[in-house]
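# Structural characterization, general
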Amino acid sequence: MTKTHYHAIGKKTVRKDGLAKVTGQEIYTSDLFLPRMLHGRVLRSPYPHARVKKIDTRSAEALGAVCITFKEVPDITYAERIVTIPQKTFKDRHVLTDHPRHVGEAVAAVAAETAELAEKALGLIRVEYERLPALFDAVEAMKPESIALYETIFFGQEELRVSNNVAATREIIEGDIEKGFLESEIIVEEEFRTGRVYHAQMETKSVVCQPEADGGITVWTTTQTIHNVRQLLGEIFKIPLNKVNVKKISVGGAFGSSIQMNSVVPIGVALALKARRPVKIVLTREEDMVDHCKYPSYIRLKLGAKKDGKLMAGHMRVIVDIGAHNTQAYPLLGCMAGWWVSLYRLPHLKFEGKAVYTNKVPACAMQGFGNPQVTFAVESLMEILAEILGMDSIDLRLKNYVGLGETFWGQGPTVRSIIQSCGVEEMLLKGAELSGWKERKKTLEGTIRRGLGMARGFHTSGAGAPMPGEVIDYSGSIVKINEDGSVDFMTALMDLGGGTLDALAKIVAEELKVPLEKVGISSVDTRTTVYDVCTHATRGIYCGGGALHKVTAQAKSKLLEFASRILQAPPHALKIEIDEEAGQGMIYVEGVPGKRISVGEVAKTAQINNWGTIAAVDSLRQVNCPPTFNAQFIEVEVNTETGVIRPVRAVLCSDAGQVINPDLAEGQLYGGLYRGLGYALLEDTDYDKETGELKNRGLFTDFKMLTAEEIPRLEDIQTYFTHTREPTGPFGAKGIGEAALNPTAAAVVNAIYDAIGIRFTKIPVTPEMVLKALNEKRNQG
Amino acid sequence: MKKQIALTVNGVKRELLVNPQDLLLNVLREQLGLTGAKYGCGIGECGSCTVLLDGEPILSCMTLAVAVNGSEVTTIEGLLGSDGSLHPIQESFLEHGAVQCGFCTPGMILMAKNLLDKNPHPSEEEIREHIRGNLCRCTGYTQIVQAIKEVSLTRKA
């Protein structure tokens, strides 16, 4: 690692929004109360598949409620997720529909003076439904005799026929897999299944809409992208973009649930425009749980290798049950292929993916966008392969991993870049040492059995690449140096809780050599910021921070140019350093005493002399998407009498390049572990096939998550950050967030295998599954 | 018919007119503008709405305002010292990276206060047991437990 002398980067500091958050002053969408504000509620289909034959809102309106149905919203088919370029975007949604395709799909909405009155009005809307046959299984749905959930949808501007309920297919071939498997000496193949997890972000999706006197609309909402919300609202309601203002507001967690413009947003806007008054809708937890979920997966994976462990060929077949809407499953399938081929070198490979419509809750991005699913399959099968080969699985991984100088697919086959920093080997070796990997012993006796498992993974840092691909990826910022040497920056980039904006503030502080407390994160909206695509794909620090770094450097050039006029030395002779005592950045001419002026004095002098404000605005598309690698070593205890699995120890290794917020980066690893453990052991959503309802009825009572009691103790969780720097990242940084969960499920099932000798290929691994498998094993005995 | 109730909220006596069916959470948020307590599930499963009632944690989303007439309510807004200084638990949450999205934070801090008021030096197990009903989706609880533990360690016995 290069020796660095940073005053802000890599330093543990109190997050800038922390004070407001610990004192209850932080404002979220649901905390907004506007004058004359109405409360909105949404009428949702009780059936998984139906046609609305009649709808009567008169009684509700007689109560004084403002009502809208599918008849009164713009007749536009839209896509709620517009990260993908328009010509590759699938559209199948309506603001309100007369053809609900899952329990909970919105058909009408009301707004009234109080939430109570709105609820009452909702109950008075009379709807006559014609029930239609519903589909709850992707394989079943693809049969020609199954009912078609869609006749046509839109692909870009073109109408597209949907056959056999298949929403998207993707086939990717490199090399010749027949040849590859022929040349293989060992072939392993297995089927894997992963659950339909609910995001369970603590703040339910919410919106507040205020119609403006000029015909415009101001919107506050739970989102990961204010600009995409603005563009979609402009498109749906035919309002010029300068009159659609989406305000940035704190989000109570996201995890992918708000990568799209949530369905509640245009409903709120339609109500507010009709009522000509502000409207607020806060989804109940039950409504939130039928809004989105993680993509479940069925993965059949086949790998061929030489006896020395060199991988020769791979074949992956994927079926994803996307539920009732296509929230861009085409890029999902491409990404799944990309995650797979970027884990290990495969000279010959074939990927076949299908995304299938059913009458379930629509699936969307959730931490990893297909990566946890793929990594679960790959890292399970690598362990199986290592055992057959008689190799230590770490050695097998070291032999085959895609590393430095090799090509990486950061966001499917069209987003490729070359890996320029890689801590895989360091993590595998250090993690093995810290976890006692080599010394682990098999004890297949007793009631409580311990096992150690490991898995590795990665995630992309954004979706940048040298060539434009199917994904839009760039950020922009504004930086302004104030007359006292403090700095404001404006970015549309969202902080979803991870501390992304603190990292950005440190990038500004470091580049300008001003104290971190003198850098302010401005409250912004879509009017006052330039475009930022979205906080997704672990792109916040690398892409958003990269753009801000570029803009800060431009502001710095202007600062030095003004300073050169004052100090009468050319700008390139000037240096800048932080003066802790003065609490300022200081500009000076090296070796010339007296030629020294603070950043604030330069800005003030520029103002007095009418030279102008020291500010800059620009955008940046990163031309790389460096993988942020990780490795996890997890120890579990399996109770063979109850089937309960308890994670008891974890070593979490991360290669995030230069770490910017050390404690918050650790927080990302702990959080990823927690949600990964839930993914592996507990979380899923089942359906009642008769009613089409979630068996958990949208309640936390029955959507179980791990609590503080089921997590390894403080002294039993260790984190380790590699000594790497990403040459293309701001101050050597790359992403971290999503990677932190990707290998967890595989590490857990590998640990369970180590403990009881049973391999699970379906997650979550519930106590019932453990007991059943133990019984079967005993009976075979 | 509205009913008049009297509550001492964060040390200030308040007389309020409420409907019999009004929940304490909504009265705090909508009538008093104390939005620190959050709606997370409405059925007492997530703990985001936690406030202290006469020092004991309750789920304000399941508590009728009329039922707590005459009580003392402490919300997250009431934790600051009279000089505006942070409570040691708030300090510790900031110090240990225990805050991410912040939505569960008010409830979590009030639970921690209740624990440490009763048991100044809890074991890690006692901390985990005490906050198990408060869900956090971001942090994995590790830094929250650490923050609470540190307060108990640095406190004079």
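Computed from a predicted structure; not experimentally measured.

## Considerations on the overall build of chain A
When helices and strands are tallied, chain A shows 18 helices and 32 strands. For 781 residues, the compact-globule estimate of 2.2 N^0.38 gives 28 Å, and the C-alpha radius of gyration of chain A, at 27 Å, lies within 12% of that figure. The principal-axis extents of the C-alpha atoms in chain A amount to approximately 85 × 75 × 50 Å. Within chain A, residue pairs in contact and separated by at least 24 positions form 80% of the contacts whose partners lie at least 6 positions apart.

## Quick notes on the overall build of chain B
Summing up its helical and strand segments, chain B has five helices and five strands in all. Listed by position from the N terminus, the elements making up chain B come as β-β-α-β-β-β-α-α-α-α. For chain B, whose C-alpha radius of gyration is 16 Å, the value lies close to the compact-globule estimate of 15 Å for 157 residues. If you line up chain B on its principal axes, its C-alpha atoms span 50 × 30 × 25 Å. The buried share of chain B, reckoned over its 157 residues, is 57%.

## Concerning the sheet that holds strand β14 (residues 279-282) of chain A
Two modes of strand pairing occur in sheets, parallel and antiparallel, and in both the strands are linked by backbone hydrogen bonds. Residues and elements named next belong to chain A. Read from one edge to the other, the open sheet built from seven strands follows the order β3-β5-β1-β14-β11-β12-β13, with strand pairing classed as mixed. Two strands in the sheet have a free side with no partner beyond their single neighbour: β3 (66-69) and β13 (244-247). Strand-to-strand twist in this sheet, taken as the mean axis angle between neighbours without regard to direction, amounts to 20°. Pairing analysis gives five bridges linking strand β11 (residues 206-211) to strand β12 (residues 217-221), with the strands arranged antiparallel. Counted as the bridge partner of Val208 is Trp220 from β12. Against the sheet, helix α7 (residues 264-275) touches β1 (38-44), β3, β5 (106-112), β11, β12 and β14, its axis set at about 30° to β11.

## Notes on helix α1 (residues 24-31) of chain B
Because an α-helix packs 3.6 residues into every turn, residues spaced three or four apart end up facing the same way. Residue and element names in this part refer to chain B. Counting buried residues along α1, six of its eight residues qualify, which places the element largely inside the surrounding structure. All of the buried residues in α1 are Leu24, Leu25, Asn26, Val27, Leu28 and Arg29. The secondary structure elements touched by the buried residues of α1 are β2 (12-18) and β3 (50-53).

## Section: the pairing of β12(A)
All names here are of chain A. The buried count for β12 comes to five of five residues, which makes it a mostly enclosed element. Across the two faces of β12 the burial is the same, with Ile217, Val219 and Thr221 and Thr218 and Trp220 all buried. Hairpin connection of β11 to β12: five residues between the antiparallel strands, including Gly215 at a positive phi of 90°. Bridging between β12 and β13 involves four bridges; their strand directions are parallel. For Ile217, the partnering residue across the bridge sits in β13 and is Val244. Since β12 and β13 lie parallel, the crossover through helix α6 (residues 226-237) that links them has a hand, and here it is right-handed.

## Remarks on the domain arrangement of chain B
Residue and element names in this part refer to chain B. Looking at chain B, the domain boundaries give domain 1 (3-78) and domain 2 (88-154). One C-alpha centre belongs to domain 1, the other to domain 2; they are set 21 Å apart. Contact residues are listed per partner, giving 14 residues for domain 1 and twelve residues for domain 2. Counting residues per element, the ones that place at least two in the side of domain 1 that touches domain 2 are β3 and β4 (56-59). With three residues, the single largest contributor to the side of domain 1 that touches domain 2 is β3. Broken down by class, the residue content of the side of domain 1 that touches domain 2 amounts to seven nonpolar, five polar and two charged.

## Here's the deal with the nonpolar core
All names here are of chain A. By size, the foremost hydrophobic cluster in this structure holds 299 residues, and its most contacted members are Val110, Val508, Val748 and Ile752. Among the elements that take part in this core, helix α14 (residues 540-567) stands out by supplying twelve residues, more than any other. Residue contacts for Val508: discarding those within four places in its chain leaves Val479, Val487, Phe489, Val519, Leu548 and Thr552.

## Some details on the interface of chain A and chain B
Between chain A and chain B, the contact holds 45 residues from the first and 45 residues from the second. The set of elements that each furnish at least two residues to the side of chain A that touches chain B consists of α1 (18-22) and α16 (662-681) of chain A. Counting residues per element, the side of chain A that touches chain B draws most heavily on α16(A), which supplies eight residues. The residue makeup of the side of chain A that touches chain B, split by class, is 20 nonpolar, 15 polar and ten charged.

## Observations regarding the domain arrangement of chain A
Residue and element names in this part refer to chain A. The domains assigned to chain A are domain 1 (18-25 + 474-620) and domain 2 (415-460 + 625-781). Centre-to-centre separation of domain 1 and domain 2, based on C-alpha positions: 39 Å. At the junction of the two partners, domain 1 supplies 15 residues and domain 2 supplies 18 residues. For the side of domain 1 that touches domain 2, the secondary-structure elements that each account for two or more residues are α13 (500-512) and α14. Of the residues contributing to the side of domain 1 that touches domain 2, the split by class is five nonpolar, six polar and four charged.

## Section: the pairing of strand β7 (residues 152-155) of chain A
All names here are of chain A. In terms of strand pairing, strand β4 (residues 90-91) meets β7 through two bridges, oriented antiparallel. Counted as the bridge partner of Phe90 is Phe155 from β7. Of the strand pairs in this sheet, β7 and strand β8 (residues 158-161) are connected by four bridges, and their pairing is antiparallel. Within the sheet, the bridge partner assigned to Thr152 lies in β8 and is Arg161. The loop that links β7 with its antiparallel partner β8 comprises two residues; one of these, Gly156, has a positive phi angle of about 65°.

## Considering the environment of A:Ile645
All names here are of chain A. The residue Ile645 is located in strand β31 (residues 645-655) in this model. As for Ile645 and Lys399, which are separated by 246 residues in sequence, their C-alpha atoms are 32 Å apart. For Ile645, the contacting residues outside a window of four places in its chain are Val636, Val638, Leu681, Ile752, Val765 and Val770.

## Concerning unusual backbone geometry
All names here are of chain A. With an omega dihedral of 0°, the bond running from Ile763 to Pro764 counts as a cis peptide bond. We note that Gln328 has phi near 70°; this positive angle belongs to a residue other than glycine. Of note in the backbone geometry, Arg697 takes a positive phi value of approximately 55° without being a glycine. Inspection of the secondary structure puts Arg697 in the loop between α16 and β32 (717-721).

## Topic: the packing of helix α9 (residues 329-341) of chain A against helix α10 (residues 371-389) of chain A
Residues and elements named next belong to chain A. Running from N to C, α9 and α10 cross one another at 40°; their axes reach a closest spacing of 9 Å. The angle between the axes of α9 and α10 places the two elements in the oblique class. The crossing of α9 and α10 is right-handed. When α9 is examined against α10, the residues Met336, Trp339 and Trp340 are found in contact with a partner set consisting of Asn371, Gln373, Val374, Thr375 and Val378. Its residues placed into classes, the contact of α9 with α10 shows five nonpolar, three polar and no charged.

## A short note on the sheet that holds strand β30 (residues 628-639) of chain A
Residue and element names in this part refer to chain A. Read from one edge to the other, the open sheet built from four strands follows the order β22-β30-β31-β32, with strand pairing classed as mixed. A single partner strand is all that each edge strand has here, and the edge strands are β22 (448-459) and β32. Going across the sheet, the axis of each strand differs from the next one's by a mean of 15°, ignoring polarity. Note: β31 against β32, five bridges, orientation parallel. Among the inter-strand pairings, Val651 is bridged to a residue of β32, identified as Gln718.

So, how was this worked out
Residues numbered from 1 in each chain as written. Chains lettered and ligands numbered in written order. Predicted model: local features only at pLDDT ≥ 70, side-chain atom pairs only at ≥ 80, totals over all residues. Helix = DSSP H or I, 4+ residues; strand = E, 2+ residues; numbered from the N terminus. Rg over C-alpha atoms; globule rule 2.2 N^0.38 Å. Contact = placed C-beta atoms within 7 Å. Buried ≥ 20, exposed ≤ 12 C-beta atoms within 10 Å, placed from the backbone. Pairing = 2+ DSSP bridges. Axes fitted to C-alpha atoms, helices over the stretch in contact; angles between N-to-C directions. Right-handed = clockwise from strand over helix to strand, strands pointing away. Domains from an automatic or database assignment. Nonpolar A, V, L, I, M, F, W, Y, C, P; charged D, E, K, R; others polar. Core = buried A, V, L, I, M, F, W, Y, C linked by C-beta atoms within 7 Å. Parallel < 35°, antiparallel > 145°, perpendicular 65-115°, else oblique. Left-handed = near helix turned anticlockwise from the far one by under 90°.

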